[in-house]
Amino acid sequence: MIDPREYGKALFLLAEERGTGDAVLSDLETAEGAFSALPSYEKLLDSPAVSGEEKRRLIDEAFASLDPDVVSFLNILAERHAVYDFGKCVAAYRALYDEARGNLRVVAVSAVPMNEGQIAALSKKLAEKTGKTVLLRNEVDPSILGGMRLRYAGIQIDASLRTRLDTLEKQIAGMVLG
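Residues numbered from 1 in each chain as written. Predicted model: local features only at pLDDT ≥ 70, side-chain atom pairs only at ≥ 80, totals over all residues. Heavy atoms only, no water.

1. Some thoughts on the packing of aromatic side chains
For the coordinates displayed, the defined rule picks out eight aromatic pairs. Where phenylalanine 35 meets phenylalanine 63, the ring centres are 5.7 Å apart and the plane angle is 55°; that geometry is what we call tilted. In this pair, phenylalanine 35 sits in helix 2 (residues 21–37) while phenylalanine 63 sits in the loop between helix 4 (52–62) and helix 5 (68–79), placing the two residues 28 residues apart along the sequence. In this pair, the class of phenylalanine 35 matches that of phenylalanine 63, namely buried. Ring pairing ties together the aromatic residues Tyr7, Phe35, Tyr41, Phe63, Phe73 and Phe86, which thus form one cluster. (Phe/Tyr/Trp six-rings, centres within 6.5 Å; stacked < 30°, edge-to-face > 60°. Helix = DSSP H or I, 4+ residues; strand = E, 2+ residues; numbered from the N terminus. Buried < 20%, exposed > 50% of the residue type's maximum accessible area, 1.4 Å probe, protein only.)

2. Concerning the pairing of strand 4 (residues 155–160)
As paired strands, strand 3 (residues 147–152) and strand 4 are joined by six bridges and run antiparallel to one another. Residue pairing for strand 4: tyrosine 152 is matched across the bridge by isoleucine 155. In this structure, the hairpin formed by strand 3 and strand 4 is closed by a connection of two residues, where alanine 153 is found at a positive phi of approximately 45°. (Pairing = 2+ DSSP bridges.)

3. A look at the nonpolar core
In this structure, Leu28, Phe35, Phe63, Leu74, Leu77, Phe86 and Tyr93 are the most contacted members of the largest nonpolar core, which totals 28 residues. Of the residues forming this core, the biggest block, six residues, is contributed by helix 5. For leucine 28, the contacting residues outside a window of four places in its chain are Leu11, Val70, Phe86, Val90 and Tyr93. Formed by eleven residues, the second largest nonpolar core is a distinct cluster that contains Leu104, Ala108, Leu122 and Val134. (Core = buried A, V, L, I, M, F, W, Y, C linked by side-chain atoms within 4.5 Å. Contact = heavy atoms within 4.5 Å.)

Pasting the structure below:
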């Protein structure tokens, strides 16, 4: 059992020392995407039935184009049967990376896709309020009907029409039943 935060931190410190922080983050996200697309590959690398030598060969071949530190990191996780924690390690790395660079990752959930102008305006407004560089990603969820939900730094601001209607419904039910 590993502590993904400590592993992510160790890789972050190494990458920062070597000046490869940006490249390592990009390669971690590439590997994370590969594991998301092929979850059985992650299970294979964690399997005690596969020898350590075979795991190293599989990782070295599959991720040959990535930064050598990322490949070594994957090999260490495979050796410890902890590839299943890779996503948590990446999250820890990303959090430290963002903190060091003053980034704030924000998810804006809307009923319909936001256009570039809306994304830019919302990013600018959030940057002014937080003093950070906002990296905004738009997700679409038609069930919110309208308005928006924002998620960042463990905070959720829900200004969706769905939530307003649910709140109104509860208030009316309280008045009728009360």
